[in-house]
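What follows is the residue order along each chain.
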Amino acid sequence: MADTPMIMADAPGKGAKGGLRWKQMKKDLRANWELYIFLLLPLVWLIIFRYVPMYGVQIAFKNFSFRYGIWGSPWVGFMQFQRFFTSPIFFTLLRNTLVLSLYGLFAVFPLPILLALALNSMKHIKYKKFIQMATYLPYFISVVVLVGMMMTVLHPRVGLYGVLYNFFTGSYPRDLISSATTFPHLYVWSGAWQGVGYSSIIFLAALSAVDPELHEAALIDGASRFQRVFHIDIPAIIPTITILLILRAGQIMSIGFEKAFLMQNDLNRMTSEIISTYVYRVGLETGTGNFSFASAVGLFDSVINLTLLVIVNGISRKFNETSLW
């Protein structure tokens, strides 16, 4: 009997705690309702374009026909996936996608970090702003314009590359755009030129939060500029680097379709054909309307990305204590 009041006293405590959370939530909604209204439009966009299309994922497990629709089309299970895994082009698509993605990850991902550290160390404000603007502007160039610029500059006869090569050697060079061996390099480094300046902004924001007193104390102790970068700046942006790396791991299989498709031709298809362009060709370009097979390939791509995201996030949470969840 003596224990009974204690047991009964716990229940109201839990209810009171939940009620307190709800009151705090309502108070926050009333105080910041303008901010929540701003979130309404992105939330609607997310639901319409990210969650509603999940209804159509079942096409990957059916032999879709316009006549019968999504629900009426016959169920075929994993037949479309087996067809993709056993196709002769499967390993070529997987290799090309991974090569471009990993190449871009290891070669380009560190560049915004280095640029941010360099800009943060500059003392000349005007020079710093000029470099930041010059590296930031290419991000606003559309992919179509960027590929057009590449084709114009790298044209073997009338482009700047061809004219200079002919001036110094007396002959015309090979077509780099149509070369299967140079496609990965052009794809990755043109993306680096376009996106490094923009990507460095988030690291500059993280560096701006570093306490200046840490640098002052390090200067008093006789630390050099490099030592201050290595022991103060880099540790300060490690959490930001970790989060972005986790997000990048979740996009390993999602190479940008537009750029690869625009740069692709029959001569470089051996290395330029990736999963996203293959889905487009199979589903739309061929004219056969093989939507079930194209959906299965796209779903395979998404499942691999989700798996990698969960694995990398778990590893980061275990060893670095920084994770998305």
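On a predicted model such as this, the values are computed, not experimentally measured, just so you know. Within each chain, residues carry numbers counting from 1 in the order of the written sequence. A pLDDT threshold of at least 70 governs which residues receive local features in this predicted model, and a stricter bar of 80 or more applies before side-chain atom pairs are shown or counted, although totals over entire chains, interfaces and linings include all residues. The basis for every side-chain value is the complete set of heavy atoms in the structure, and neither hydrogens nor water enter the calculation.

### As for the overall build of the chain
Here's step 1: Each helix and strand counted, the chain has 16 helices and 0 strands in total.
Here's step 2: Relative to a compact globule of 325 residues, whose C-alpha radius of gyration would be 20 Å, the chain shows 27 Å and is clearly more extended.
Here's step 3: A principal-axis box enclosing the C-alpha atoms of the chain has dimensions of 100 × 75 × 40 Å.
Here's step 4: Only protein chains enter the area calculation, which uses a 1.4 Å probe; residues under 20% of their type maximum are buried, those over 50% are exposed, and those in between are partly exposed. Put simply, the chain has 325 residues, and 33% of those count as buried. Numbering of helices and strands runs from the N terminus; a helix is a DSSP stretch of H or I covering at least four residues, while a strand is a stretch of E covering at least two. The quantity called the radius of gyration is restricted to C-alpha atoms. Its globule counterpart is 2.2 Å times the number of residues to the power 0.38.

### Here's the deal with the pattern of salt bridges
Here's step 1: Think of a salt bridge as a Lys or Arg side-chain nitrogen and an Asp or Glu carboxyl oxygen that are within 4 Å of each other. Counted according to the given criterion, the structure contains 4 salt bridges.
Here's step 2: With its nearest N and O atoms 3.0 Å apart, the salt bridge here joins R225 to D233.
Here's step 3: Within this structure, D266, R269, E273 and R281 form a network of salt bridges that share partners.

### Details of the packing of aromatic side chains
Here's step 1: Any two rings among Phe, Tyr and Trp, with Trp reduced to its six-membered ring, count as a pair given centres within 6.5 Å; such a pair is stacked if its planes are under 30 degrees apart, edge-to-face if over 60, and tilted if neither. Scanning the entire structure with this criterion turns up 31 aromatic pairs.
Here's step 2: Ring geometry for Y139 and Y198: centres 3.7 Å apart, planes at 5°, overall stacked. Of this pair, Y139 sits in the loop between α7 (125-136) and α8 (143-153) while Y198 sits in helix α10 (residues 183-208), and the two are 59 residues apart along the sequence.
Here's step 3: Each residue in the set F84, F85, F90, F91, Y278, F293 and F300 is aromatic and connected to the rest through ring pairs, giving one cluster.
Here's step 4: Note on criteria: charge over ring means Lys NZ or Arg CZ within 6 Å of the ring centre, with the direction from the centre no more than 35 degrees off the ring normal. Sitting over the face of the ring of Y172, R157 holds its NZ or CZ atom 4.3 Å from the ring centroid.
Here's step 5: A cation over an aromatic ring shows up here: K259 above the ring of Y187, its NZ or CZ 4.9 Å from the ring centre.

### Here we look at the packing of helix α6 (residues 110-121) against helix α12 (residues 225-249)
Here's step 1: At a minimum axis separation of 11 Å, α6 and α12 run at an interaxial angle of 130°. By the angle class used here, α6 and α12 are oblique. Seen from above, α6 lies across α12 with right-handed handedness. For the pair α6 and α12, the contacting residues are I113, L117, N120 and S121 in the first and R225, V229, D233, I234, I237 and I241 in the second.
Here's step 2: Across the contact of α6 with α12, the residue classes tally to 6 nonpolar, 2 polar and 2 charged. Orientation is described by lines fitted to C-alpha atoms, with helices fitted over the stretch in contact, and by angles between N-to-C directions that extend from 0 to 180 degrees. Orientation labels follow simple angle bins: below 35 degrees gives roughly parallel, above 145 gives roughly antiparallel, 65 to 115 gives roughly perpendicular, and whatever is left gives oblique. Crossing chirality is assigned from the near helix's rotation relative to the far helix, an anticlockwise turn below a right angle marking it left-handed and a clockwise turn marking it right-handed. Note on contacts: a residue pair is in contact if any heavy atoms of the two residues lie within 4.5 Å. Under the grouping applied here, Gly and all other residues not named as nonpolar or charged are polar, the nonpolar ones being Ala, Val, Leu, Ile, Met, Phe, Trp, Tyr, Cys and Pro and the charged ones Asp, Glu, Lys and Arg.

### Some details on the packing of α6 against α7
Here's step 1: In contact at an axis separation of 9 Å, α6 and α7 are set at 160° when each is read in the N-to-C sense. With respect to each other, α6 and α7 are oriented roughly antiparallel. Relative to α7, the crossing made by α6 is left-handed. Across from L115, L119 and N120 in α6, the residues of α7 making contact are K128, I131, Q132 and T135.
Here's step 2: The class makeup of the residues in the contact of α6 with α7 is 3 nonpolar, 3 polar and 1 charged.

### Focus: the nonpolar core
Here's step 1: Throughout this description, the term nonpolar core refers to a set of buried Ala, Val, Leu, Ile, Met, Phe, Trp, Tyr and Cys residues connected via side-chain atoms within 4.5 Å. Counting residues in each nonpolar core, the largest one holds 46 residues, and the members touching the most others are F84, I113, L186, Y187, I237, M263 and Y278.
Here's step 2: Of all the secondary-structure elements, those providing two or more residues to this core are α5 (90-108), α6, α8, α10, α12, α13 (257-263), α15 (275-285) and α16 (291-319).
Here's step 3: No other element matches α10, which puts 10 residues into this core.
Here's step 4: Leaving out residues up to four positions away in the same chain, Y187 has contacts with L100, I255, G256, K259, A260 and M263.

### A few points about the confidence of the model for the chain
Here's step 1: A residue's pLDDT is the confidence the predictor assigns to it, expressed on a 0 to 100 scale. Of the residues in the chain, 93% have a pLDDT of 70 or more, and the chain-wide mean is 87.
Here's step 2: Element-level mean pLDDT values for the chain span from 64 in helix α1 (residues 4-31) up to 94 in α8.
Here's step 3: Considering only residues more than four positions removed or in separate chains, one finds that residues 1-12, a stretch of pLDDT under 50, has 0 contacts.

### Re α6
Here's step 1: For α6, with 12 residues, the first-to-last C-alpha span of 17 Å sits near the 16 Å given by 1.5 Å per residue.
Here's step 2: Considered for burial, the residues of α6 that qualify are P112, I113, L115, A116, L117 and L119. Multiplying 1.5 Å by the helix residue count minus one yields the expected span of that helix.

### Examining the side chain of S316
Here's step 1: Relative to the assigned elements, S316 resides in helix α16.
Here's step 2: Taking the relative accessible area as the measure of exposure, S316 reaches 8% and is therefore buried.
Here's step 3: A distance of 2.3 Å separates the side chain of S316 from the backbone oxygen of T322, its partner in a polar contact.
Here's step 4: When sequence neighbours within four positions are dropped, the list of residues in contact with S316 reads T242, I246, E321, T322 and S323. For the purposes of these results, a polar contact is taken to be a pair of N or O atoms within 3.5 Å, where, inside protein, one atom must be able to donate a hydrogen and its partner to accept one; residues adjacent in sequence count only when each atom of the pair is a side-chain atom.

### Regarding a positive patch on the surface
Here's step 1: In this analysis, a patch consists of residues with relative accessible area above 30% that form no salt bridge, clustered at 9 Å for like charges and at 5 Å for the nonpolar side chains Val, Leu, Ile, Met, Phe, Trp and Tyr. Each accessible area is a Shrake-Rupley estimate made with a 1.4 Å probe; only the visible protein chains count as cover when residues are assessed. We count Lys and Arg on the positive side and Asp and Glu on the negative side, and we leave His and both chain ends out. Charge coordinates come from a single atom per side chain, which is NZ of Lys, CZ of Arg, CG of Asp or CD of Glu. The grouping of K23, K26, K27 and R30 at the surface amounts to a positive patch.
Here's step 2: Taking relative accessible area as the criterion, R30 reaches 61% and is therefore assigned exposed.

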